[in-house]
Amino acid sequence: MPELPEVETVRRGLAPFMEGALIHEVKLARGDLRFPFPPDFARTVAGRQIVALSRRAKYLLVNLEGDLTIISHLGMSGSFRIDEGDADSTPGEFHHRRSKDAAHDHVTFLLERASRPVRVIYNDPRRFGFMLLSKTSELDSFPAFAALGPEPTGNLLSAAYLAERFRGRKQPLKSALLDQRTVAGLGNIYVCEALHRARLAPTRAAASVVTPTGRPTRALDSLAHDIRVVIAEAIEAGGSSLRDHIRTDGSLGYFQHRFRVYDREGEPCPTEGCRGIVKRIVQSGRSTFFCPVCQK
DNA sequence: AAGGGAGCCTGGCGGC
DNA sequence: TGCCGCCAGGCTCCCT
């Protein structure tokens, strides 16, 4: 499921229910997901108030009082959902979905917010996700965060920065962009989409969009811009839902309808005036979708 | 030393 | 209908 726009959508969906809430209890259905939960995870977290929900790259951060943060990663199939009030009074459709998925409900947060009970449930069939703890004051030295590149939101991501990263690198643009040290939060979908918008072939060497003096080419200017735009549009659309519900209320994101190439093998290239057909290739074991005609 | 591939898991889908 | 192999939005480790 989750690249940056999907995690940001989850954060926005959870925030109204979680920020300011008191954690009464945490129930773990098993001792591990991708990694074991930290020792005494439930006991350490219980009794604290949630100060804020934030995000770094594809990580959701639950900032608690007392210099403690839950670092949550959704892996490939993780999702959160909210359950307000009595468990018995949930609507039929919701109940149906819940019972179907219950085998993969791994964590339940029992919260109280504004004197009302709220349950926040983490579900993850493939269990590639995880939850860890860090002192809030030491988050920057968390191993996965130490080397992260800039966020593609706002104006932090510049062509000059990418030129510096790409200079001298033979690695294909696709893999260079999937590397979280280049840009934080990009995944397979949005890398394919950004490269198409910038009309750059995913197989092209990263160094080929940098001039001999280390400056960005015009194509790289475009790429830096297109990455920011595609991420902003996807967040606006509530992310992309392929086979999973991603929003905390069970509704779907709709950016998947705006994919230009991702999962569109064999379809006509959407670039105006281009007569190409979207092609699928495999790079580093991952599917890449692109137009061999207009992406050079 | 950079880059490719395997592995971690389960579920859904297409093909036979 | 049933079974089988393939594929999936991420990340880390190991090998060359």
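Just above, that's the structure.
Enquirer: Describe the protein's contact with DNA strand B, listing the residues and the values that go with them.
Expert: Residues in close proximity to DNA strand B include Arg34, His104, Pro125, Arg126, Arg127, Phe128, Arg169, Lys170, Gln171 and Ser284, which together make up its full environment. The sugar-phosphate share of atoms of DNA strand B within 4 Å of the protein amounts to 57%. Contact between DNA strand B and Arg126: a base oxygen at 2.8 Å from a side-chain N or O atom of the residue. For the surface near DNA strand B, a count of residues per class yields two nonpolar, three polar and five charged.

Enquirer: Which residues make up helix H7 (residues 188-197), and what are the values?
Expert: Judged by how many residues are buried, H7 sits mostly within the fold: ten of ten residues are covered. Three or more residues of H7 are buried, namely Asn188, Ile189, Tyr190, Val191, Cys192, Glu193, Ala194, Leu195, His196 and Arg197. Arg199 sits one or two positions beyond H7 and adopts a positive phi of about 60°.

Enquirer: Tell me about the side chain of Thr271, and please be specific about residues and values.
Expert: Of note, Thr271 is situated in the loop between helix H8 (218-236) and strand S9 (279-283). With relative accessibility at 11%, the residue Thr271 sits in the buried group. Those residues within four positions of Thr271 in sequence are excluded, and the remaining contacts are His196, Arg199 and Cys294.

Enquirer: Could you give an account of the packing of aromatic side chains, with specific residues and numbers?
Expert: For the coordinates displayed, the defined rule picks out eleven aromatic pairs. Centroid distance Phe35 to Phe130: 5.0 Å. Interplanar angle 55°. Geometry classified as tilted. Pair noted here: Phe35 is in the loop between strand S1 (22-28) and helix H2 (41-45) and Phe130 is in strand S8 (residues 130-134), with a separation of 95 residues, a long-range link. The exposure class of Phe130 is buried, given its relative accessible area of 9%. Taken together, a centroid distance of 5.0 Å and an interplanar angle of 55° make the contact between Phe80 and Tyr122 tilted. Pair noted here: Phe80 is in strand S5 (residues 79-84) and Tyr122 is in strand S7 (residues 116-123), with a separation of 42 residues, a long-range link. The class for Tyr122 is buried, based on a relative accessible area of 0%. An aromatic cluster is built from Phe35, Tyr59, Phe130, Phe142 and Phe145, whose rings are joined through pairwise contacts.

Enquirer: Can you explain the packing of H7 against H8? Please cite residues and give values.
Expert: Close contact between H7 and H8 brings their axes to 8 Å; oriented N to C, the two are set at 130°. Considered as vectors, H7 and H8 are oriented oblique to each other. Where H7 crosses over H8, the two elements pack in a sense that is right-handed. Two secondary-structure elements touch here, H7 through Tyr190, Glu193, Ala194, Leu195 and Arg197 and H8 through Leu223, Asp226, Ile227, Val229, Val230, Ile231, Glu233 and Ala234. Class assignment for the residues of the contact of H7 with H8 results in nine nonpolar, no polar and four charged.

Enquirer: Any details on the pattern of salt bridges? Residues and values, ideally.
Expert: Close approach of charged atoms allows side chains with opposite charge to pair. Under the defined criterion, the tally for this structure stands at 14 salt bridges. In this structure, the salt-bridge partner of Arg11 is Glu8, at a minimum N-O distance of 2.9 Å. One end of the pair, Arg11, and the other, Glu8, are both in helix H1 (residues 4-18), three residues apart, so they sit about a helical turn from each other. Across this residue pair, the class does not change: Arg11 and Glu8 are buried.

Enquirer: Help me get a handle on the nonpolar core, residues and values and all.
Expert: Core analysis: the biggest nonpolar cluster contains 38 residues, and Leu162, Phe166, Leu177, Leu220, Leu223 and Ile227 have the highest contact counts within it. Of all elements in the fold, only helix H5 (159-166), helix H6 (173-178), H7 and H8 reach the threshold of two or more residues within this core. At eight residues, the largest contribution of residues to this core is made by H8. Residues within four places of Leu220 in sequence aside, it is in contact with Ala159, Leu162, Ala163, Phe166, Val209 and Val210. With 29 residues, the next largest nonpolar core counts Ile50, Ile70, Ile82 and Leu111 among its residues.

What counts as what
- Residues numbered from 1 in each chain as written.
- Chains lettered and ligands numbered in written order.
- Predicted model: local features only at pLDDT ≥ 70, side-chain atom pairs only at ≥ 80, totals over all residues.
- Heavy atoms only, no water.
- Near = heavy atom within 4 Å.
- Polar contact = N/O pair within 3.5 Å; in protein donor to acceptor, adjacent residues only side chain to side chain.
- Nonpolar A, V, L, I, M, F, W, Y, C, P; charged D, E, K, R; others polar.
- Buried < 20%, exposed > 50% of the residue type's maximum accessible area, 1.4 Å probe, protein only.
- Helix = DSSP H or I, 4+ residues; strand = E, 2+ residues; numbered from the N terminus.
- Contact = heavy atoms within 4.5 Å.
- Phe/Tyr/Trp six-rings, centres within 6.5 Å; stacked < 30°, edge-to-face > 60°.
- Axes fitted to C-alpha atoms, helices over the stretch in contact; angles between N-to-C directions.
- Parallel < 35°, antiparallel > 145°, perpendicular 65-115°, else oblique.
- Left-handed = near helix turned anticlockwise from the far one by under 90°.
- Salt bridge = Lys/Arg side-chain N within 4 Å of Asp/Glu carboxyl O.
- Core = buried A, V, L, I, M, F, W, Y, C linked by side-chain atoms within 4.5 Å.

The values are spatial; any link to function lies outside them.
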